[in-house]
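Geometric and topological summary
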Amino acid sequence: DAKTTQPTSMDCAEGRAANLPCNHSTISGNEYVYWYRQIHSQGPQYIIHGLKNNETNEMASLIITEDRKSSTLILPHATLRDTAVYYCIVRPSGDKLIFGTGTRLQVFP
Amino acid sequence: GAGVSQSPSNKVTEKGKDVELRCDPISGHTALYWYRQRLGQGLEFLIYFQGNSAPDKSGLPSDRFSAERTGESVSTLTIQRTQQEDSAVYLCASSLAASASYEQYFGPGTRLTVT
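Residues numbered from 1 in each chain as written. Chains lettered and ligands numbered in written order. Predicted model: local features only at pLDDT ≥ 70, side-chain atom pairs only at ≥ 80, totals over all residues. Heavy atoms only, no water.

With that settled, the discussion passes to the packing of aromatic side chains. Applying the stated criterion across every chain yields a total of 15 aromatic pairs over all chains. Taking 6.1 Å as the distance between ring centres and 80° as the angle between the ring planes, the aromatic pair formed by Phe99(A) and Phe106(B) counts as edge-to-face. With one member in each of two chains, Phe99(A) in the loop between β8 (84-91) and β9 (103-108) and Phe106(B) in strand β9 (residues 105-106) form a pair that bridges those chains. You'll find Phe99(A) and Phe106(B) in the same group, each marked buried. Ring centres of Tyr33(B) and Tyr48(B) lie 5.2 Å apart, and the angle between their planes is 15°; this geometry places the pair in the stacked category. Taken together, the positions of Tyr33(B) in strand β4 (residues 31-37) and Tyr48(B) in strand β5 (residues 43-50) put the pair 15 residues apart, joining distant regions of the chain. Comparing Tyr33(B) with Tyr48(B), the two get one shared label, buried. Each residue in the set Tyr32(A), Tyr34(A), Tyr36(A), Tyr46(A), Tyr87(A), Phe99(A), Tyr33(B), Tyr35(B), Phe45(B), Tyr48(B), Tyr105(B) and Phe106(B) is aromatic and connected to the rest through ring pairs, giving one cluster. The residue whose ring lies beneath Arg91(A) is Tyr34(A), and the NZ or CZ to ring-centre distance is 5.3 Å. (Phe/Tyr/Trp six-rings, centres within 6.5 Å; stacked < 30°, edge-to-face > 60°. Helix = DSSP H or I, 4+ residues; strand = E, 2+ residues; numbered from the N terminus. Buried < 20%, exposed > 50% of the residue type's maximum accessible area, 1.4 Å probe, protein only. Lys NZ or Arg CZ within 6 Å of the ring centre and 35° of its normal.)

If you want it as structure tokens, here you go:
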């Protein structure tokens, strides 16, 4: 019951922006949108999260639509090291994260 | 600063033996979570602790699994009478508090192999 829908895989050229979409049409008003990524054989890495407003940090930007039913994670200048599985998670409270299948992003030279 | 650490990094055990996995959360983090990831699959929630509140054990797959946490420090996940299906990477995460506004930071995991 991940509550999110993401494309199975995406490709991106190195140096270009990677835009990863996520649909969460059943999101409730108090639920946050979280993004994590998992590079092969490592633990998940926190990227960014938001509630209503767009957010930006040193890793990425998060764009949330006004109706909050979808969002996009933007990696502004993708590098080969950004190749990973990216998880979009809707989090209703302080407890567990529910990971779906994510988007496998392949950055190519 | 130091992140979440887990030990051992790898553990091979024989079917039927008990194992203990350790997690050291980030200092000051009151919430601690355990997840499991089988090969090629997503993360499954197991249990979480928040301060002195009763832990949420809703994800534990059987009574062979248990976990303890002393105060707001180290946690130990114990698997009794291990089975081959217990083979997985066990991941620990911590956060400042169990609130949706606080992100969870993950450790590197313990890879458990049951032979």
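Resuming the write-up.
What follows deals with the state of the cysteines. Where two cysteines share a covalent bond between their sulfur atoms, that bond is called a disulfide. Residues and elements named next belong to chain A. Scanning all chains against the criterion turns up two disulfides over all chains. In this model Cys12 remains outside any disulfide bridge; the closest cysteine sulfur is found in Cys22, 18 Å from its own. In this structure Cys12 comes out as buried when scored by relative accessible area, which is 6%. (Disulfide = S-S within 2.5 Å.)

Next up on the list: the sheet that holds strand β6 (residues 61-64) of chain A. Residues and elements named next belong to chain A. Here we have four strands laid out as an open sheet, ordered β2-β7-β6-β5, and antiparallel in their pairing. Both outer strands of the open sheet, β2 (18-23) and β5 (55-56), are each paired with one neighbouring strand and no more. Strand direction decides the pairing type here: β2 and strand β7 (residues 70-75), joined by six bridges, are antiparallel. By the bridge assignment for β7, Ala18 is matched with Leu75. (Pairing = 2+ DSSP bridges.)

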